[in-house]
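Here's the letter readout for the chains.
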Amino acid sequence: MRPDVGTQPEFRKSRPPAKYRYDDSLSPALEWDGQNAARDRAEALIEKVLAAETIEDARAAARELRAISRPFLNWAGKAERLSFEVPTLPLFVHERLSTKAILETLQGHRRDKQMDLDLFGDPRHSIADQVLRAYEHRDQWVNRMILGDSLVVMNSLLHYENLGGQVQMIYMDPPYGVRFGSNFQPFVRKRDVKDNDDADMTREPEMVQAYRDTWQLGIHSYLTYLRDRLLLARELLSPTGSIFVQISDENLHHVRELMDEVFGKRSFIAAIAFRSMMPLESGEIESVTDYLCWYGGTGAPLKYRNLFQRKNLGRGTEFVFVEAPDGSARRLAARERAGSGAANPAALFKRSDLASSGYTPSCTFPIKFEGATFTAKRGKSWRTTQDGVGRLKAARRLFVLGKRLYYKIYLSDFGYDSLTNVWNDTIEFGERLYAVQTTPTVVQRCVLMTTDPGDLVLDPTCGSGTTAYVAEKWGRRWITCDTSRVPLALARQRLLTATFDWYELKDEGRGPAGGFVYKRRQNTKGEEVGGIVPHVTLKSIANNEPPKEEVLVDRPEKLPGITRVTGPFCFEATIPTATNWDQPDQPAPADGAAAGPQAADQGVGAGFAARMIEILRHSPALRLPGNQTITFRNVRPPAKSLSLSAEAEVDATAAGQRATVEEAAREAMEKSGSLLPISAKTVGIVFGPENGAVAQSTVFEAAREARAKGLSHLYVIGFAIEPNARQLIEKADHIAGISATYVQATPDILMGDLLKNLRSSQIFSVCGSPEVAISRAASGEFQVQLLGLDVFDPVTMTARHSPGRDVPAWFLDADYNGLCFHVTQAFFPRTGAWEKLAKALKADYDDAVWDHLAGDTSAPFPAGEHRQLAVKVIDDRGNELLVVRPLPA
């Protein structure tokens, strides 16, 4: 049971950071000169061997000595990192999404309105229950998409939710190397990421922090990054589970060595090579494969489901003989082997030696066949008894080639081969959503090989959401996370608009966890097309037994005429718990202290406030919509303050020329709906937390203090802001008696000197809220139109107005409760995202309904219990901009 993000200010169940330790008995270097703990231990073990009273004691000491002298992978910083700490943060539910719920709102457009739809899977617990009972009681399962560092997310799953040992499969697709362009995609619509290009640099704190911390030492930091995450993945993995790490040949060897260290060499299952690209004809030998390092859990037999693929009858096939109707056999001609002949596939067979590799006395006898007598070679015997040979003769399974007797294996006996560790059929052509998107076939095989329906799958590297997509398709529960908002925005679109086959369930009451139904079926040609296929063998014929039946797990029974969509899932994030000034466990600031409310937030304190003041002094210009700026002068800490972070005077310029503050205010008010100061007097400034969103209480306390001091205006500067705090800013002049403006700080601040050479030197901008219009439809219900969005580009330093039809995505919650955003309608303008679903539901929905979901105007909806709506807009960088509006009476 996890709380909604709206309960964050009241949530008090904080936990200390978790500490993880590596095995310090394995020295990173076994040196015999100088001070070295490994040397002392090795000498002690040698003495133990020499002094051992029993051979068992000597062997135990020798094994321990051998263990510390094995070769190892070493890198800079490994010896010093014997342990590390990870913040233990709760996961808050930000959104609940369901394609069924979106279709529910469009019932007015259905030709058949009789539809019983499961909505969001929201248990709708009270605020008190969420605050008091969260992480202490079970709740119904909902699949999960999480924004946050994979290390922090996995740590939360371990310590807040006790999911250790419960994940059946983990699929990791980490960066292949250490180049910038290989790590992430910064734009929703732009997939061609270039190295060292300012325009491609992300402005997301999580991504940049990961990029800076992870890759500053190149491959050395890369290995540290991967080892830490593999360690937590091991703790989550079920004893019967599997983990797959996708990697290129550039670092394949390092990943193998790393996983040997974390999981143990005995846990290695296979290294799978799969085709990922076509050769570019560069004139050199080309790498066209990527790899999967497959390791199993520890302490139990691996869960494994054998996968089959149709036998390849091309070059290299062993099925080179064909049987005539009279029983005679001949070898295929070259043109027939090439596929241009007319040989009947049912008559194709290959030879199999009738002699066994060992010796069984009861299977040693002469065989008379076609006028000749055959005996097994010395020290060998036949593969069956004399009665069995008789049954093989009756079944016309024996034939002579040269001077040897063989057994016929027909292609129709079992036309499939077990999957090997080389996959040549994994290239899929078509438009990709994401720069480094993995084809579903690869992930699908991993899921089907190692999990059953209802099992839990984790992907800590979401990307375009392929693992979640495949898990949803095959009835597995899933959790996926990413540090970037861009891939999560793409993954949400992909899942919301996806369609799947409906598989017949063994137990409707248990859902997919009860398993799928598999049946044996044949088409009109007699070919096996069902999920159960007979496997005829020499043993089954010779012993007169029914053939063994193989289950093709990728062929469950499909129920025609049913379109299945993605089930309910939620969007969560690792946001530090907010801490307010008035909490009893926080000391009050001393008189004259220059700290703001963020001083109590996660220990950031006055140090962060002082750093922000210095940044304001060096970059005093605020960007306003309409290409205007406000310039701060004399930025300073307040003399005495409980809530404010700084004070300053302001100047205004418009379009590069000096102008009055009033002119800038009027223009900005028209663009963003926020009020600006009407005279160049002293203004107050409050900074939001370094690692969280600006809270409503922060704004209220700062506004009340600014008004008491007679300041002319309040500027709230933050990296993110809660919806109720944004509403308070817009109404601050009426509620608190002072006008206020929200200022968006670009995450360059958190990047240190990483971006010191980039052109985006100005780091503050005033972002207008999405502009929406609410109207009445002919039915009397409400409609909302997204008029547009002011988008500030921190690289080109220009502001542009994007019309509603030009945003990548926007969502509507028609009855916003202030706690969690329920996506009742989802819009993907300028894309064909809904086309597949529209085609599948063409018989049920009018074509007009899909125009709504690809445009800027919602379908009509009735007023809900809370009589307010919320609109969330996703911009090109994946940033989420939220506006809340009450419905007219």
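For the structure itself, look to the data block above.
> It is not clear to me how the overall build of the protein chain should be interpreted in this structure. Could you clarify?
Each helix and strand counted, the protein chain has 21 helices and 41 strands in total. Residues counted as buried form 53% of the 889 residues belonging to the protein chain. The contacts in the protein chain between residues at least 6 apart in sequence include a share of 71% that link residues at least 24 apart. Of the roughly 40,800 Å² that the protein chain leaves accessible, carbon and sulfur atoms contribute 49%.

> Looking at this model, I keep getting lost on a positive patch on the surface. Mind explaining?
There is a patch of like positive charges on the surface, built from Arg-66, Arg-70, Lys-265 and Arg-266. Residue classification places Arg-66 among the exposed positions, given a relative accessible area of 59%.

> What's the story with helix H17 (residues 696-708) in this structure? I'm lost.
Residues three or four positions apart in an α-helix share a direction because the helix packs 3.6 residues into each turn. For H17, spanning 13 residues, the distance from its first C-alpha to its last is 18 Å, which sits close to the expected 18 Å at 1.5 Å a residue. Buried residues belonging to H17 abut strand E30 (682-687), strand E31 (714-718) and helix H18 (723-730). A positive phi of about 75° marks Gly-710, the residue just after H17.

> Would you mind going over the sheet that holds strand E11 (residues 329-331) with me for this structure?
Backbone hydrogen bonds hold the strands of a sheet together, and the pairing may be parallel or antiparallel. Taken in spatial order, the five strands make up an open sheet running E11-E10-E12-E16-E15, and their pairing is antiparallel. Each of the sheet's edge strands pairs with one partner strand only, and the pair in question is E11 and strand E15 (398-401). Shown here is a sheet whose adjacent strand axes are inclined to one another by a mean of 45°, direction ignored. Of the pairings in the sheet, the one linking strand E12 (residues 348-353) to strand E16 (residues 404-410) comprises five bridges and is antiparallel in character. Paired with Ser-352 across the two strands is Tyr-407, which belongs to E16.

> Would you explain the pairing of strand E20 (residues 477-482) in this entry?
Along any regular strand the residues' side chains alternate between the sheet's two faces. A large share of E20 lies buried, amounting to five of its six residues. Sheet analysis places strand E4 (residues 143-147) next to E20, joined by four bridges and oriented parallel. Opposite Arg-144, over in E20, you have Ile-479 as the bridge partner. Pairing between strand E19 (residues 456-459) and E20: four bridges, direction parallel. The partner of Val-457 across the bridge, within E20, is Trp-478. This β-α-β element, E19 to helix H12 (residues 466-473) to E20, shows right-handed connectivity.

> How should I be thinking about the packing of aromatic side chains in this particular structure?
Centre-to-centre distance and the angle between the planes together describe a pair of aromatic rings. Enumeration over the complete set of coordinates arrives at 24 aromatic pairs. Ring geometry for Tyr-22 against Phe-84: centres 5.7 Å apart, planes inclined by 35°, an arrangement best described as tilted. Of this pair, Tyr-22 sits in the loop between strand E1 (18-21) and helix H1 (37-51) while Phe-84 sits in strand E2 (residues 83-86), placing them 62 residues apart in sequence. Consider the rings of Phe-414 and Tyr-416, whose centres lie 5.4 Å apart with planes at 50°: the pair is tilted. For the pair Phe-414 and Tyr-416, one class covers both residues: buried.

> Just to check I follow, could you spell out the nonpolar core for this structure?
Inside soluble globular proteins, nonpolar side chains tend to come together where they are buried. Core analysis: the biggest nonpolar cluster contains 81 residues, and Phe-244, Leu-292, Trp-423, Trp-850 and Val-871 have the highest contact counts within it. No other element matches helix H11 (residues 440-450), which puts six residues into this core. Every residue in contact with Phe-244, bar those within four places of it in the chain, is listed here: Met-169, Ile-170, Tyr-171, Met-172, Ile-272, Leu-292, Cys-293, Trp-294, Cys-446, Met-449 and Thr-450.

Conventions and cut-offs
- Residues numbered from 1 in each chain as written.
- Predicted model: local features only at pLDDT ≥ 70, side-chain atom pairs only at ≥ 80, totals over all residues.
- Heavy atoms only, no water.
- Helix = DSSP H or I, 4+ residues; strand = E, 2+ residues; numbered from the N terminus.
- Buried < 20%, exposed > 50% of the residue type's maximum accessible area, 1.4 Å probe, protein only.
- Contact = heavy atoms within 4.5 Å.
- Areas by Shrake-Rupley, 256 points an atom, 1.4 Å probe, with all protein chains shown as cover.
- Patch = residues over 30% accessible without salt bridge, like charges linked within 9 Å, V, L, I, M, F, W, Y side chains within 5 Å.
- Salt bridge = Lys/Arg side-chain N within 4 Å of Asp/Glu carboxyl O.
- Lys, Arg positive; Asp, Glu negative; His and termini not counted.
- Charge placed at Lys NZ, Arg CZ, Asp CG, Glu CD.
- Expected span 1.5 Å × (residues − 1).
- Pairing = 2+ DSSP bridges.
- Axes fitted to C-alpha atoms, helices over the stretch in contact; angles between N-to-C directions.
- Right-handed = clockwise from strand over helix to strand, strands pointing away.
- Phe/Tyr/Trp six-rings, centres within 6.5 Å; stacked < 30°, edge-to-face > 60°.
- Core = buried A, V, L, I, M, F, W, Y, C linked by side-chain atoms within 4.5 Å.

Purely geometric numbers; function is a separate question.
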